[in-house]
Amino acid sequence: MKILFDLFPVLLFFIAYKFADIYVATGVAVAATVLQLAWAYFIHRKVEPMMWFSAVVVVIFGTLTLVLHDPTFIKWKPTIIYWGMTIAMVVTQWGFRRNPMQAIFGSQLELPEEAWSKLNYSWMAFFAVMGVINIAVAYRFSEQTWVNFKLFGGTGLMLVFVVVQSLMLSRYLDEEKK
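Q: Describe the overall build of the protein, listing the residues and the values that go with them.
A: Within the protein, the secondary structure is distributed over seven helices and zero strands. Mapped from its N terminus to its C terminus, the protein presents α and β elements in the order α-α-α-α-α-α-α. Here the C-alpha radius of gyration of the protein, 18 Å, is about what a compact globule of 178 residues would show, namely 16 Å. Dimensions of the protein, computed from the C-alpha atoms along their principal axes, are close to 55 × 40 × 30 Å. The burial tally for the protein puts 38% of its 178 residues in the buried class. For the protein, restricting intrachain contacts to residue pairs at least 6 apart in sequence, the fraction spanning at least 24 positions comes to 65%.

Take a look at the structure:
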């Protein structure tokens, strides 16, 4: 359910685009993101920092797209989020000397320092590369291809990456059981 909740604005963006255009889809995504934020606050009485960051980016870039009637802004939105995540992870790792992945998942997983480090660096690289891929698709392919990539390509790549990470982590978890 969390995955569907997180994908809610993207799914609505995709559906709206198929029935209308990029501007209607952008307005729908902005509204869905604001509703998602309100719902999260209503249910949990708090909103995760990543959700705040994502919502602010969606609202700013969505509004710029609508006001300036230029889809370039909404096409940059995923890249800004991916690179924002990369920067946050880099700053946390090197500036504060804390492994962000360990800070997030350390209470749920027991891993050696080497595994936490590999996990963190691989996610940094993944987010950085995803930002580049998004821009490449946005500028080298049609708008419709980019919209399809946004839902299917980005989500698919994320799923494959999570599976690969799980396989990598399972090796360390198996060692713990021995």
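Q: Can you explain helix α3 (residues 49–68)? Please cite residues and give values.
A: The end-to-end C-alpha separation of α3 is 28 Å, in line with the 28 Å expected for 20 residues at 1.5 Å each. Buried within α3 we find Met51, Ala55, Val57, Val58, Phe61, Gly62 and Thr65. Seen from one end, α3 has its buried residues packed into an arc of 165 degrees, which puts them on one side. The exposed set on the far side of α3, more than 90 degrees from its buried face, consists of Pro49 and Val67.

Q: Go over the side chain of lysine 150, please, and point to the residues and values.
A: By the element assignment, lysine 150 lies in helix α7 (residues 143–177). It is glutamate 143 that comes nearest to the buried, bridge-free lysine 150 among opposite-charge side chains, at 13 Å. Contacts of lysine 150, omitting those with residues within four sequence positions, involve Val10, Phe13, Lys77, Pro78 and Thr155.

Q: A description of the pattern of salt bridges should follow, citing residues and the corresponding values.
A: Applying the stated criterion across every chain yields a total of one salt bridge. Note that lysine 118 and glutamate 114 form a salt bridge whose closest N and O atoms lie 3.2 Å from each other. Highlighted residues: lysine 118 and glutamate 114, both in helix α6 (residues 113–140), separated by four residues, approximately one helical turn. Looking at lysine 118, the relative accessible area reads 36%, which means it is partly exposed. We classify glutamate 114 as partly exposed; its relative accessible area is 48%.

Q: Can you tell me about the packing of helix α2 (residues 22–44) against α3, naming the residues and giving the values?
A: In contact at an axis separation of 9 Å, α2 and α3 are set at 155 degrees when each is read in the N-to-C sense. Relative to α3, the element α2 lies roughly antiparallel. The interaxial crossing formed by α2 with α3 has left-handed handedness. In this structure, α2 contributes Tyr23, Thr26, Gly27, Ala29, Val30, Thr33, Val34, Gln36, Leu37 and Ala40 to the contact, and α3 contributes Met51, Trp52, Ala55, Val58, Val59, Gly62, Thr65 and Leu66.

Q: An account of the packing of aromatic side chains is requested, with residue identities and associated values reported.
A: Overall, the coordinates contain 11 aromatic pairs when judged by the stated rule. Ring geometry for tryptophan 39 versus phenylalanine 42: centroids 6.1 Å apart, planes at 40 degrees, classification tilted. Of the two residues, tryptophan 39 and phenylalanine 42 both sit in helix α2, three residues apart, roughly one turn of that helix. Taking 5.9 Å as the distance between ring centres and 55 degrees as the angle between the ring planes, the aromatic pair formed by phenylalanine 126 and phenylalanine 127 counts as tilted. Residue classification places phenylalanine 126 among the buried positions, given a relative accessible area of 10%. One aromatic cluster is present, formed by Tyr82, Trp123, Phe126, Phe127 and Phe161 through successive ring pairs. Above the ring of tyrosine 172, the side-chain terminus of arginine 171 is found at 4.9 Å from the ring centroid.

Q: Outline the side chain of threonine 33, supporting the account with residue identities and numerical values.
A: Relative to the assigned elements, threonine 33 resides in helix α2. Here threonine 33 falls in the buried class, since its relative accessible area comes to 5%. The residues contacting threonine 33, other than those within four sequence positions of it, are Pro9, Ala55 and Val58.

Rules used in this analysis
Positions within a chain are numbered from 1, following the residues in the order the chain's sequence is written. Where totals are concerned, whole chains, interfaces and linings use all residues; where local detail is concerned, this predicted model gives features only for residues with pLDDT of at least 70, and gives and counts side-chain atom pairs only at 80 or more. Calculated side-chain values reflect all of the structure's heavy atoms, with hydrogen atoms and water omitted. Segments assigned H or I by DSSP are reported as helices when at least four residues long, segments assigned E as strands when at least two residues long, and all are numbered from the N terminus. It is over C-alpha atoms that the radius of gyration is taken, and the globule rule equals 2.2 Å times the number of residues to the power 0.38. Exposure categories follow from relative accessible area, calculated using a 1.4 Å probe and restricted to protein chains: below 20% of the type maximum is buried, above 50% is exposed, and the middle band is partly exposed. Contact criterion: two residues are considered in contact whenever any of their non-hydrogen atoms come within 4.5 Å of each other. Expected helix span is computed as 1.5 Å times (number of residues minus one). Note that the arc is computed from the directions linking the helix axis to the C-beta atoms. Counted charges follow a simple rule, with Lys and Arg positive, Asp and Glu negative, and His plus the chain ends left uncounted. When a carboxyl oxygen of Asp or Glu lies within 4 Å of a side-chain nitrogen of Lys or Arg, that pair is called a salt bridge. Only the stretch in contact is used when a helix axis is fitted, and all axes are lines through C-alpha atoms; the angle between N-to-C directions ranges over 0 to 180 degrees. Working rule for angles: under 35 degrees goes down as roughly parallel, over 145 as roughly antiparallel, 65 to 115 as roughly perpendicular, anything else as oblique. The crossing is said to be left-handed when, going from far helix to near helix, the turn is anticlockwise and less than a right angle, and right-handed when the turn is clockwise. Ring pairs are drawn from Phe, Tyr and Trp, using the six-membered ring of Trp, whenever the two centres fall within 6.5 Å, and their geometry is named by plane angle: stacked under 30 degrees, edge-to-face over 60, tilted for the rest. Two conditions define a charge sitting above a ring: the NZ of Lys or the CZ of Arg must be within 6 Å of the ring centre, and it must be within 35 degrees of the ring normal.

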